[in-house]
Amino acid sequence: MPGKFERLFKTRKPVIAMVHFGALPGSPLHDAEAGLPGLLAGVRKDLKALQDAGVDAVMFGNENDRPYEFKVDTASTATMAYIIGQVRHEITVPFGVNVLWDPMATVALGAATGASFAREIFTGTHASDMGMWLPDAGAAMRYRDRLGRKDLALMYNISAEFAWSLDQRSLPDRARSAVFSSIPDAILVSGVITGEAAALSDLEAVKRVVPEVPVLANTGVKHATVADVMKIADGCVVGSSLKVDGDTWNAVDPARAKDFMDKARKARGD
């Protein structure tokens, strides 16, 4: 696994755990009474629980900002930057960012906060709950470079949640093409919705055609499946499985997070 990915993570097959923000100001589910202090308290609590559990990296995301947008309000990105800035001295592992579903905002947030990596849908054409999805990997990567962050690793989610690819090539063919045309630092394979697993056969097929690029499971990795996932993938992103009752919208459960990491370390032979 050459390049930024290898230099970034200090272990093989890293577990990247999600720190989900509460709904941000301006989004319909925002808790105005709790305000910024409430958002900060939630992020701080989850960050501590995940790091105490021994995750290899964390990623900050705005999963609660439903209905999702392609062009995110500037206030959302600014608020995420503020909160990350408040906990920056508490972060002890590599961290990444994802502003759903806006690649340019994601790159901007990564540059502003000193993140090591960023995740988004950078390629493809999709029909989705939010309408037509037309990302531009060339614009996002050039924006990253203009912001002086060529070191910011870009992780391409090639199977968008809440969407259907209008590109009827097979998933492996789309992965191979994205690697050739758009030079991702890692490829992510997802299920159809947050918290639902990517098929192991999809992971295997993608890894087979792009063996030189890290391929990670992006959604739905569970305690019972992490060993099987780690046999194929170069790591995983996990969120819902680490939450109270395995519910995406709950806080991180320290015991579930620790148990997951115990199983992940055993699976990769630590």
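This write-up is about the structure you can find in this document. (Residues numbered from 1 in each chain as written. Predicted model: local features only at pLDDT ≥ 70, side-chain atom pairs only at ≥ 80, totals over all residues. Heavy atoms only, no water.)

**Side note on the side chain of Ser76**
Reasoning step 1: Structurally, Ser76 can be placed in helix H3 (residues 74-87).
Reasoning step 2: The exposure class assigned to Ser76 is buried, which follows from its relative accessible area of 5%. (Helix = DSSP H or I, 4+ residues; strand = E, 2+ residues; numbered from the N terminus. Buried < 20%, exposed > 50% of the residue type's maximum accessible area, 1.4 Å probe, protein only.)

**Brief notes about helix H2 (residues 35-53)**
Owing to its 3.6 residues per turn, the α-helix brings residues three or four apart onto one side.
Reasoning step 1: The first and last C-alpha atoms of H2 sit 28 Å apart over 19 residues, in line with the 27 Å expected at 1.5 Å per residue.
Reasoning step 2: Next to the buried residues of H2 lie strand E1 (15-20), strand E2 (57-61), H3 and helix H9 (254-268). (Expected span 1.5 Å × (residues − 1). Contact = heavy atoms within 4.5 Å.)

**Focus: the pairing of E2**
Reasoning step 1: Of all the 5 residues making up E2, 5 are buried; the element is thus mostly covered by neighbouring parts of the structure.
Reasoning step 2: Where E1 and E2 come together, 5 bridges link them in parallel fashion. Pairing of Val19 across the sheet is with Phe60, part of E2.
Reasoning step 3: For the crossover that starts at E1, traverses H2 and ends in the parallel E2, the hand is right-handed.
Reasoning step 4: Looking at chain direction, E2 and strand E3 (residues 95-98) are connected through 4 bridges and run parallel. (Pairing = 2+ DSSP bridges. Right-handed = clockwise from strand over helix to strand, strands pointing away.)

**Here we look at a nonpolar patch on the surface**
Reasoning step 1: Where nonpolar side chains cluster on the molecular surface, the patch consists of Met132, Leu134, Trp164 and Leu166 and spans about 480 Å² of accessible area.
Reasoning step 2: Within the secondary structure, Leu166 sits in the loop between strand E8 (163-165) and helix H6 (171-182). (Patch = residues over 30% accessible without salt bridge, like charges linked within 9 Å, V, L, I, M, F, W, Y side chains within 5 Å. Areas by Shrake-Rupley, 256 points an atom, 1.4 Å probe, with all protein chains shown as cover. Salt bridge = Lys/Arg side-chain N within 4 Å of Asp/Glu carboxyl O.)

**A look at the sheet that holds strand E5 (residues 126-128)**
Reasoning step 1: Taken together, the 3 strands give an open sheet; going across it, the order is E6-E5-E8, and neighbouring strands pair in antiparallel fashion. For this open sheet the edge positions go to strand E6 (131-133) and E8, each flanked by a neighbour on one side alone. Looking at each pair of strands side by side, their axes are set apart by 25 degrees on average, direction ignored.
Reasoning step 2: Where E5 and E8 come together, 3 bridges link them in antiparallel fashion. Bridging from a neighbouring strand, His126 pairs with Ser165 of E8. (Axes fitted to C-alpha atoms, helices over the stretch in contact; angles between N-to-C directions.)

**Focus: the packing of aromatic side chains**
Reasoning step 1: On inspection of all chains with the given rule, the structure shows 10 aromatic pairs.
Reasoning step 2: With centroids separated by 6.2 Å and ring planes inclined at 70 degrees, the aromatic side chains of Phe21 and Phe60 adopt a geometry described as edge-to-face. Of the two residues, Phe21 is situated in the loop between E1 and H2 and Phe60 in strand E2; the sequence distance between them amounts to 39 residues. The two residues Phe21 and Phe60 agree in class, both being buried.
Reasoning step 3: Residues Trp101 and Trp133 carry aromatic rings whose centres are separated by 4.9 Å and whose planes lie at 70 degrees to one another, so their mutual orientation is edge-to-face. Taken together, the positions of Trp101 in the loop between E3 and helix H4 (103-113) and Trp133 in strand E6 put the pair 32 residues apart, joining distant regions of the chain. (Phe/Tyr/Trp six-rings, centres within 6.5 Å; stacked < 30°, edge-to-face > 60°.)

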